[in-house]
Amino acid sequence: MTASLSAAAIDPLRESLARLARGKSQALTNLLHDVEVHTTIDGTRVVCHCHTLKLDAQGRPMVRDLVRVICDQVLDFAIPRSRIAEAESEFLATRSTAKFARLTVEARRLFTDLAQSGEGGELLLFVLAERLLKLPQLLCKMSLKTNSRMHVHGADGLHAGVDDATGRLVLYWGESKIFADGITAIRECLGSLAPMLLDDANGGSASDRDLQLLQRHVDLDDAALEAALKAFLDVEGEHYNSVEFRGLCLVGFDCDAYPSAHCQSPTVVDLSTVVKRISELLPKWKAQIKHRIQEEKLDVFGLHFICVPFPSADDFRARLREELDLAPASPVAALEAVASGDDAVRAAAVSTATAKPARRKKSPEVS
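These lines cover the structure that appears in this document, whether it is placed above or below. Starting from 1, residues in each chain are numbered consecutively following that chain's sequence as written. pLDDT decides what is reported in this predicted model: residues at 70 or higher carry local features, side-chain atom pairs at 80 or more are listed and counted, and totals for whole chains, interfaces and linings draw on all residues regardless. To get the side-chain values, take all heavy atoms of the structure and skip hydrogens and water.

Some details on the packing of aromatic side chains
For any two aromatic rings, the description comes down to two numbers: the centre-to-centre distance and the angle of the planes.
And then number 1: Two rings from Phe, Tyr or Trp (for Trp, the six-membered ring) form a pair when their centres sit within 6.5 Å of each other. Planes less than 30 degrees apart are called stacked, planes more than 60 degrees apart edge-to-face, and all others tilted. One pass over the full model with this rule turns up 5 aromatic pairs.
And then number 2: With a centroid separation of 5.9 Å and an interplanar angle of 5 degrees, the aromatic rings of W173 and F245 are classed as stacked. Of this pair, W173 sits in strand β4 (residues 168-178) while F245 sits in strand β5 (residues 243-254), and the two are 72 residues apart along the sequence.
And then number 3: Here the aromatic cluster, defined as three or more aromatic residues joined through ring pairs, consists of F77, F111 and F126. Here a helix means four or more residues in a row that DSSP labels H or I, a strand means two or more in a row labelled E, and each is numbered from the N terminus.

Right under this line is the structure:
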């Protein structure tokens, strides 16, 4: 049974983790409206959050602005804190931002240029986790990639916090899915999360590998905090049973609540209309989350589950790739990825190599 710690033992850890969460929430709250936050789904331990895009002065969903805000965080997401600290030291000593510039280029190059990549969802999950939920990232998995076309294995993210009610250290396995269909996104997200939370009877599970990576590569730019976290993960240590594992999920999907991109007068639909429609759809999404929780046998695990309905999931991905200056993968380059050994990359590569080039229609919608 998971044990709780005394306030003297857990309070310093809670304070240190709280300081690690980066960025302010204001930029996000300017772009996202809270339809529902911190609401427990009946019969589960799932805490649900639903955020809808706000509309600009012309009544257009602020997809472009959201993409720009989250892309501003690629350095924090993809580069270890110690290397960012080195760049800061160089700046303070020389007043030159050259090292920050090099790190930013490096971070952007870690993203795959495959059209159906899920890395945009991983980046969005990271930003929402750190800025809104104040759950800092512990492991910079993007920096461990040996090939930009490879996706990270295991969880999409690894975050941490302290449960105020129980006084336990909580490690969150992150999983994100951006699909056109919301039901599919929920199913695939929880299906991917389940092996991380459930014990793998055969050993060698993805969660075991991620914990080993955390032990070897945790980089919080705080030696004392890193040592404390490693002590919690030591199976022979006194605090090992004080760690609780939970899920941190994000799904993005198409939703028809927004004004049409081809509408000549988008202002006829205002934010209150969008929120009303999404509020009507939310019970169906929550019911599907509950159903999949039961199907995957995750009833005993706590989760944060974030829903972000988009006008178009494909458009979100395309805009993010444009913002990161990721050129569409050529058929030859995409086919080279088939030999990478990564199933997700292989499927995306074949799709990219065989798809006809898409042409974006010109329309008044430019957000």
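So, unusual backbone geometry
Across the chain, the bulk of peptide bonds are trans and the bulk of non-glycine residues have phi less than zero.
And then number 1: A positive phi angle, near 50 degrees, is found at H38, a position not held by glycine.
And then number 2: By relative accessible area, which is 54% here, H38 ends up exposed.
And then number 3: A positive phi angle, close to 65 degrees, is found at R95, a residue other than glycine.
And then number 4: One can find R95 in the loop between α5 (81-94) and α6 (98-109).
And then number 5: In this scheme, a residue with accessible area under 20% of its type's maximum is buried, one over 50% is exposed, and one in between is partly exposed, where area comes from a 1.4 Å probe on protein chains only. For R95, a relative accessible area of 57% gives the class exposed.

A closer look at empty space enclosed by the protein
And then number 1: Grid spacing is 1 Å over the protein atoms alone, the probe is 1.4 Å, and a cavity is where that probe fits but cannot get out, while a pocket is an open set with protein on both sides within 12 Å along at least five of seven lines and lining residues have an atom within 4 Å of a point. Grid points are joined across faces, edges and corners, and a volume is the space filled by probe spheres set on the points. Inspection of every chain in the model, using the stated rule, returns 4 cavities of 30 Å³ or more.
And then number 2: The calculated volume of the largest cavity comes to roughly 80 Å³.
And then number 3: What lines the largest cavity is a set of 12 residues, and nearest its centre among them are S117, E119, G120, L320 and R321.
And then number 4: Looking at the lining of the largest cavity, the elements with two or more residues in it are α7 (119-131) and α12 (313-323).
And then number 5: With 4 residues, α12 is the single largest residue contributor to the lining of the largest cavity.
And then number 6: Polar here means any residue other than Ala, Val, Leu, Ile, Met, Phe, Trp, Tyr, Cys and Pro, which are nonpolar, and Asp, Glu, Lys and Arg, which are charged; Gly is therefore polar. In terms of residue class, the lining of the largest cavity is made up of 6 nonpolar, 3 polar and 3 charged.

Quick word on the pattern of salt bridges
And then number 1: Any Lys or Arg side-chain nitrogen found within 4 Å of a carboxyl oxygen on Asp or Glu counts as a salt bridge. Applying the stated rule across the entire model yields 22 salt bridges.
And then number 2: Across the salt bridge formed by E323 and R68, the nearest N and O atoms sit 3.9 Å from each other. With E323 in helix α12 and R68 in helix α3 (residues 63-71), the pair connects residues that are 255 residues apart, well separated along the chain.
And then number 3: Residue classification places R68 among the partly exposed residues on the basis of a relative accessible area of 39%.
And then number 4: Between R277 and D256 there is a salt bridge; the shortest N-O distance is 3.7 Å. Taken together, the positions of R277 in helix α11 (residues 271-295) and D256 in the loop between β5 and α11 put the pair 21 residues apart, joining distant regions of the chain.
And then number 5: A residue is classified by how much of its surface remains accessible, and D256, at 59% relative accessible area, is exposed.
And then number 6: Among the ionic contacts, a cluster of salt bridges with common partners joins R45, D163, R168, E244 and R246.

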